[in-house]
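What the coordinates show
Residue strings, one per chain:
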Amino acid sequence: MTLDFLGSGLEVAGEVFRGSEKIDLSNVWNVSALLFWAFIGWENLSFSLGEIKEPEKNVPLLYWLSFALVTSIYIVLALISTGASASGVPLEGAAGLSGLVLFTPGGSLLIWLMVIVIAANACSWNFTASRLLYSGGRTGAFPDVFGKLSGKNIPVSSLLGLYVLSILLILGTYVFKIPVSAMMLLVNQNFVFLYAFIIIAYWKTETGWQKWVFSVLALLSLSFLVSGFTWKIIYPVFLIGLGYWRFLGRKNSEKTISSRKEHVIREEAQEIPCLTRHQEQ
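Now for a look at the structure at hand. What you see as residue numbers is a count from 1 along each chain, following the sequence as written. Per-residue local features are limited, in this predicted model, to residues with pLDDT of at least 70; the limit for side-chain atom pairs, both in listing and counting, is 80 or more; totals at the level of whole chains, interfaces and linings are taken over all residues. Just so you know, side-chain values use all the structure's heavy atoms and leave hydrogens and water out.

1. Section: the nonpolar core
What makes a nonpolar core is a set of buried Ala, Val, Leu, Ile, Met, Phe, Trp, Tyr and Cys residues whose side-chain atoms join them at distances within 4.5 Å. Note on classification: 1.4 Å probe, protein chains only; a residue is buried when its accessible area is under 20% of the maximum for its type, exposed when over 50%, partly exposed between these limits. Residues Leu 185, Phe 191, Val 192, Tyr 195, Ile 199, Leu 222, Leu 225 and Phe 229 constitute the largest nonpolar core, which totals eight residues. A run of H or I in DSSP counts as a helix once it spans at least four residues, and a run of E counts as a strand once it spans at least two, with each numbered from the N terminus. Mapped by element, the contributors of at least two residues to this core are helix H6 (180-205) and helix H7 (209-227). If one sorts the elements of this core by residue count, H6 sits on top with five residues.

2. Brief notes about the side chain of Gln 189
Inspection of the secondary structure puts Gln 189 in helix H6. Overall, the relative accessible area of 0% leaves Gln 189 in the buried class. For this analysis, residues touch if any pair of their heavy atoms sits within 4.5 Å. In contact with Gln 189, other than residues within four places in its own chain, are Phe 229, Lys 232, Ile 233, Tyr 235 and Pro 236.

3. Observations regarding the pattern of salt bridges
One side-chain nitrogen of Lys or Arg within 4 Å of one carboxyl oxygen of Asp or Glu is enough to make a salt bridge. Counted under the stated rule, the structure contains one salt bridge. Where Glu 54 meets Lys 57, a salt bridge forms, and the shortest distance between an N and an O atom there is 3.1 Å. On the accessibility criterion, Lys 57 (54% relative accessible area) is exposed.

4. Digging into a nonpolar patch on the surface
A cluster of nonpolar side chains, namely Trp 64, Phe 67, Trp 203, Trp 209, Trp 212, Val 213, Phe 214, Val 216, Leu 217 and Leu 220, defines an oily patch on the protein surface of about 1,100 Å² accessible area. Listed by contribution, the elements that provide at least two residues to the nonpolar patch are helix H3 (55-86) and H7. With seven residues, the top contributor of residues to the nonpolar patch is H7. Considering the arrangement of structural elements, one finds Trp 209 in helix H7. By relative accessible area, Trp 209 is classed as exposed at 60%. Exposure above 30% relative accessible area and the absence of a salt bridge qualify a residue for a patch, where like charges join within 9 Å and nonpolar side chains (Val, Leu, Ile, Met, Phe, Trp, Tyr) within 5 Å. Per-residue and other accessible areas were derived by the Shrake-Rupley procedure at a 1.4 Å probe size, with only the shown protein chains allowed to occlude residues.

5. Quick notes on the packing of H6 against H7
Between the N-to-C directions of two axes lies an angle of 0 to 180 degrees, each axis being a line fitted to C-alpha atoms and, for a helix, fitted only over the stretch in contact. Viewed as axis vectors pointing N to C, H6 and H7 meet at an angle of 165 degrees, and their least axial separation amounts to 10 Å. As the angle between them shows, H6 and H7 are arranged roughly antiparallel. Read as a crossing pair, H6 and H7 show a hand that is left-handed. From H6, Val 192, Phe 193, Tyr 195, Ala 196, Ile 199, Tyr 202 and Trp 203 reach across to H7, where they touch Gln 210, Lys 211, Trp 212, Phe 214, Ser 215, Ala 218, Leu 219, Leu 222, Leu 225 and Val 226. When residues are sorted by character, Ala, Val, Leu, Ile, Met, Phe, Trp, Tyr, Cys and Pro go into the nonpolar class, Asp, Glu, Lys and Arg into the charged class, and all the rest, Gly among them, into the polar class. In the contact of H6 with H7, the residues fall into 14 nonpolar, two polar and one charged. Note that the term roughly parallel is reserved for angles under 35 degrees, roughly antiparallel for angles over 145, roughly perpendicular for angles of 65 to 115, and oblique for everything else. Left-handed describes a crossing whose near helix is turned anticlockwise from the far helix by less than a right angle; the clockwise case is right-handed.

In structure tokens:
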């Protein structure tokens, strides 16, 4: 059945390339913005760079191979879902593409495995984010309570805070009937802005003509994604502005403390000659 859906999807794609079907750019944006979620997390590969042999050669190879693999999987998935939709299989609503699993052998078991994997992913995300919250608590970006460890060197406060926040978000999406896709887009646009800064950093640190090609193409693709968020970009812009404001405040406070120390040192330096003359007299 899945191969039949793939064949139908290839027929629809052929009609689009021949110009028989009109392309709706708004739908292209929706699909692109949601699929962006699939590529979030590649930066986690950097956590294992110290364990990779010959990283100068193997890390770029690893990135390109993973890019080709993930892209191929999603192209096949897009063709199958297109063919299924053209065949009258409903893929909308809360179930979404998971409805395709029921058309594969052992589909019911795969549904339960998907639930387990989703729960494991949620735990791993909270585990990783708790370390960021812990670091922020130690540096003063977050309340001090998040920067403390338990007797077993575990940031319990950070973990509990994130799990409580996760439960509140899940309950909020259920009570206020917020689609899962809307929550995904809300997170995706934050990463879009974050990757924009990464592209700028890449452009400033690299040399040669390659940096212009990759930087321009990457910024163009991100600009296409940002264009569809409309007023929702207020959220990431607010977060960036808040972080920059706190950075300036901390920088100014450090300057104030440093100037006070210099003033005290100068006063002490002026008092030493006076004491010396007094002792000589």
